[in-house]
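Fold and contact review
For reference, the chains in residue letters:
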Amino acid sequence: EVQLVESGGGLVQPGGSLRLSCAASGVTLSAYNINWVRQAPGKGLEWVSYISSVTPSHIYYADSVKGRFTISRDNAKNSVYLQINSLRAEDTAIYYCANSYGTGWHYFESWGRGTLVTVSS
Amino acid sequence: QTVVTQEPSFSVSPGGTVTLTCGLSSGSVTTSHYPSWYQLTPGQAPRTLISNTDTRSSRIPDRFSGSILGNKAALTITGAQADDESDYYCVVYMGGGIWVFGGGTKVTVL
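Here's what I pulled together on the structure shown here. Not measured: the values here are computed from a predicted model.

Reading guide: rules and limits
- Residues numbered from 1 in each chain as written.
- Chains lettered and ligands numbered in written order.
- Predicted model: local features only at pLDDT ≥ 70, side-chain atom pairs only at ≥ 80, totals over all residues.
- Heavy atoms only, no water.
- Pairing = 2+ DSSP bridges.
- Helix = DSSP H or I, 4+ residues; strand = E, 2+ residues; numbered from the N terminus.
- Axes fitted to C-alpha atoms, helices over the stretch in contact; angles between N-to-C directions.
- Disulfide = S-S within 2.5 Å.
- Buried < 20%, exposed > 50% of the residue type's maximum accessible area, 1.4 Å probe, protein only.
- Contact = heavy atoms within 4.5 Å.
- Buried area = accessible area lost by both parts, 1.4 Å probe.
- Salt bridge = Lys/Arg side-chain N within 4 Å of Asp/Glu carboxyl O.
- Polar contact = N/O pair within 3.5 Å; in protein donor to acceptor, adjacent residues only side chain to side chain.

**Some points on the sheet that holds strand S3 (residues 18–24) of chain A**
Residue and element names in this part refer to chain A. Spatial strand order, S1-S3-S8-S7: four strands in an open sheet with antiparallel pairing. The open sheet has two edge strands, strand S1 (4–7) and strand S7 (69–74), and neither has a second partner. When strand polarity is set aside, the average angle formed by the axes of neighbouring strands in this sheet is 20°. The pairing of S7 with strand S8 (residues 79–84) spans six bridges and is classified as antiparallel. What sits directly across from Arg 73, in S8, is Val 80.

Right, here's the structure in full:
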């Protein structure tokens, strides 16, 4: 099972930016598709974005974040990133990364413990 | 926009059976939506239970099973235990690289 670790969360003012990271230890993250999923306080899970393992990457976003969020990967650093701009209060959430691969592309196999993003003035 | 529907809550007695469902506001959930199920406990990483409708993930007890019931995906817990008390989410693949989660079901074991 892949062990994923998210980082980069924190307190940011509305309109600000953050870059979240998803890293893995002991495995080559480039072999996996990576999804970002978030959970706002008291709310359910929301799929946010996907980047494929193949090059060039296939990238998808939920409508709620399109134009403000950018997913990318740096295989040399064994990491996937989620750049989040123009932050709004409703972006306050725990952000999880989750992997998929091969014929299991359609589900989220392993998850990290998440990183908390708080948008507040 | 299609909404994925789940029951807000369920209560089950220890040793009992409960079936959670996952439907669409418009149309039916089929195997082509590759429905999967996740358990979410506060402070822990989400746990993958079922993928591709009915494939149990490794190390998941066989009291968890997935299926299609009518026009919905379903997660059945047979012989519920106290530590099954949690929130359960389904997600369906809508095509075009888009996944949509249901609103989650809170299961209480008492």
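**Section: the state of the cysteines**
Disulfide: a covalent bond formed between the sulfur atoms of two cysteine residues. Residue and element names in this part refer to chain A. Enumeration according to the criterion identifies two disulfides over all chains in this entry. Two residues, Cys 22 and Cys 97, share a disulfide whose sulfurs are 2.1 Å apart. Every disulfide takes its handedness from the sign of the S-S torsion; for Cys 22 and Cys 97 that torsion is 75°, giving right-handed. With Cys 22 in strand S3 and Cys 97 in strand S9 (residues 93–100), this pair connects stretches of sequence that are 75 residues apart.

**Considerations on the pairing of strand S4 (residues 36–40) of chain B**
Residues and elements named next belong to chain B. Of all five residues in S4, five are buried, a share of seventy percent or more. Residues Ser 36, Tyr 38 and Leu 40 point to one face of S4 and Trp 37 and Gln 39 to the other, with burial holding for every one of them. Pairing of S4 with strand S9 (residues 86–95), which is carried by five bridges, proceeds in the antiparallel orientation. What sits directly across from Tyr 38, in S9, is Tyr 89. Here three bridges tie S4 to strand S5 (residues 47–51), and the two strands are oriented antiparallel to one another.

**Quick notes on the sheet that holds strand S8 (residues 72–78) of chain B**
Residue and element names in this part refer to chain B. If you trace the four strands from one edge of the open sheet to the other, you get S1-S3-S8-S7, paired in antiparallel fashion. Strands with a single pairing partner mark the edges of an open sheet, and in this sheet they are strand S1 (4–6) and strand S7 (64–69). Strand-to-strand, the axes of this sheet are offset by a mean angle of 20°, without reference to chain direction. Bridging between S1 and strand S3 (residues 17–24) involves three bridges; their strand directions are antiparallel. Bridge pairing in S3 links Thr 5 to Gly 23.

**Looking at the interface of chain B and chain A**
Opposite the 22 residues of chain B that make contact, chain A presents 21 residues. Interface area for chain B against chain A, summed over the two sides, is near 1900 Å², with a carbon-plus-sulfur share of 66%. If you sort the residues of chain B by the area they bury against chain A, Pro 46, Trp 99 and Phe 101 of chain B come out on top, with a joint share of 34%. In this assembly, chain B and chain A are joined by one salt bridge. Put simply, chain B and chain A have eight residue pairs in polar contact (both at pLDDT 80 or more) between them. For the side of chain B that touches chain A, the secondary structure elements donating two or more residues are S4, S5, S9 and strand S10 (98–101) of chain B.

**Remarks on the pattern of salt bridges**
Tallied over the entire structure, the rule returns seven salt bridges over all chains. The closest approach of N and O atoms between Arg 59 of chain B and Glu 1 of chain A, which form a salt bridge, is 2.6 Å. Taken together, the positions of Arg 59 of chain B in the loop between strand S6 (55–56) and S7 and Glu 1 of chain A in the segment before S1 put the pair across two chains. Both residues of the pair, Arg 59 of chain B and Glu 1 of chain A, belong to the exposed class. With its nearest N and O atoms 3.1 Å apart, the salt bridge here joins Lys 66 of chain A to Asp 63 of chain A. Here Asp 63 of chain A falls in the exposed class, since its relative accessible area comes to 58%. Through salt bridges that share partners, Arg 38, Glu 46, Arg 68 and Asp 91 of chain A make up one connected network.

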